Amino acid sequence: MNKYFILAGDNAQEKVEGVHFLFPLKSFCVGVKKEYELDEIAEGSYLYMNRILDEEAIENLESQIQAIEKKCKGIFFEDLGVLQILEEKNSSLESIFMPSHMICSKESAKSFLKEASKVVLSPDITLEESKFILDGTQNIGVLLYGHLPFMYSRRTLLKNYAKNFELEEVKTMMIDENIHQKRFFAVENDYGTVIYDSKVYDGRELLGHASFYVISLEFEHIKSIKEFLKELESGKEIEDSTTGFLHQKTIYKLPPKKGEQHD
């Protein structure tokens, strides 16, 4: 049976075999629709923290670790400061390192698995690269479904934009890029701005290869988690979806212009 970790957003959190819910902890997240205070979170759950933390946030987390241990099984996190706190406190919590763009090779995955309980691969790599890393390696998960986060800034970009052009402030905004006809949307809170692909990511070609799968329903509305998973596993076509970089390598260096050569 596949093991899923789900960010449910506003959707009902049904009890489904093989499913654990991720709860975005208030003041420790960016680019999410719904956050929770610790006392609102069900016992035996997992926390989600994708914010890059400052000194104040680190101190805040340190002060809550004992309370978190009593209530939660583990933490999905992006900032390595979280891992350092868990190690210093000799915490019993599972540590699941989920950086957006860092785990892109077998070497990096194995390196972080020496420190963290589990890691999540970046969705920036191809299907072949992902399978190579996953096959024969335990405790590595992948993003299976959700909107790909293309950029995260600690600046409040929407607020600054509205201020500069004397517009009404908004917390979400659709962005159209006219050259390649791409559409994105931005989500902002006091700690920063995340820009997502407007198309939903479909990573189902990786089913059966990873130890676990992360699903984000933060910006999706579904009737039932159980029925959603049935349809997802059935292979039913997902409207307005993308396979991201699974079949298209990430561009990290522009090709040379005609007549030029790059080293």
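What this report covers is the structure whose coordinates are included nearby. (Residues numbered from 1 in each chain as written. Predicted model: local features only at pLDDT ≥ 70, side-chain atom pairs only at ≥ 80, totals over all residues. Heavy atoms only, no water.)

Let's shift gears to the overall build of the protein chain. Across its full length, the protein chain carries six helices and 12 strands. Taking 2.2 N^0.38 as the reference for a compact globule, 263 residues should give roughly 18 Å; the C-alpha atoms of the protein chain span a radius of gyration of 19 Å, in line with that estimate. Expressed as lengths along the three principal axes of its C-alpha atoms, the size of the protein chain is roughly 60 × 50 × 45 Å. The 263 residues of the protein chain split such that 48% are buried. For the protein chain, restricting intrachain contacts to residue pairs at least 6 apart in sequence, the fraction spanning at least 24 positions comes to 60%. (Helix = DSSP H or I, 4+ residues; strand = E, 2+ residues; numbered from the N terminus. Rg over C-alpha atoms; globule rule 2.2 N^0.38 Å. Buried < 20%, exposed > 50% of the residue type's maximum accessible area, 1.4 Å probe, protein only. Contact = heavy atoms within 4.5 Å.)

Here the focus is a negative patch on the surface. The grouping of E55, E56, E59, E62, E87, E88 and E115 at the surface amounts to a negative patch. Those elements that place two or more of their residues in the negative patch are helix 1 (55-71) and helix 2 (80-88). With four residues, the single largest contributor to the negative patch is helix 1. (Patch = residues over 30% accessible without salt bridge, like charges linked within 9 Å, V, L, I, M, F, W, Y side chains within 5 Å. Areas by Shrake-Rupley, 256 points an atom, 1.4 Å probe, with all protein chains shown as cover. Salt bridge = Lys/Arg side-chain N within 4 Å of Asp/Glu carboxyl O. Lys, Arg positive; Asp, Glu negative; His and termini not counted. Charge placed at Lys NZ, Arg CZ, Asp CG, Glu CD.)

The subject of this paragraph is the environment of L86. One can find L86 in helix 2. Along the backbone, L86 and A116 are 30 residues apart, and their C-alpha atoms lie at a distance of 9.6 Å. Residue contacts for L86: discarding those within four places in its chain leaves I65, I75, S91, L93 and S95.

Counted under the stated rule, the structure contains 15 aromatic pairs. Within the aromatic cluster, the residues linked to one another by ring pairs are F5, Y46, F76 and F212. Directly above the aromatic system of F132 lies the positively charged group of K106, at a separation of 5.0 Å from the ring centroid. (Phe/Tyr/Trp six-rings, centres within 6.5 Å; stacked < 30°, edge-to-face > 60°. Lys NZ or Arg CZ within 6 Å of the ring centre and 35° of its normal.)

All right, on to the pattern of salt bridges then. Evaluated as defined, the whole model comprises nine salt bridges. Close ionic contact of D10 with K33 constitutes a salt bridge, the shortest N to O distance being 3.4 Å. In this pair, D10 is assigned in the loop between strand 1 (4-7) and strand 2 (19-24) and K33 in the loop between strand 2 and strand 3 (45-49), connecting sequence segments 23 residues apart. Classification of D10 as partly exposed rests on a relative accessible area of 45%.

A few words now on the pairing of strand 4 (residues 72-77). Extensive coverage of strand 4 is indicated by the burial of five of its six residues. Here strand 3 pairs with strand 4 via five bridges, running parallel. Considered in strand 4, the bridge of M49 is made with F77. In this fold, the crossover linking strand 3 to strand 4 by way of helix 1 has right-handed handedness. Pairing geometry for strand 4 and strand 5 (residues 94-97), over four bridges, is parallel. Bridge pairing links I75 to S95 in strand 5. (Pairing = 2+ DSSP bridges. Right-handed = clockwise from strand over helix to strand, strands pointing away.)

With that settled, consider the packing of helix 1 against helix 2. At a closest axis distance of 11 Å, the pairing of helix 1 and helix 2 adopts a crossing angle of 35°. The hand of the helix 1/helix 2 crossing is right-handed. On the side of helix 1, the interface is formed by I58, L61, E62 and I65, while helix 2 contributes G81, V82, I85, L86 and E88. Counted by class, the contact of helix 1 with helix 2 contains six nonpolar, one polar and two charged residues. (Axes fitted to C-alpha atoms, helices over the stretch in contact; angles between N-to-C directions. Left-handed = near helix turned anticlockwise from the far one by under 90°. Nonpolar A, V, L, I, M, F, W, Y, C, P; charged D, E, K, R; others polar.)

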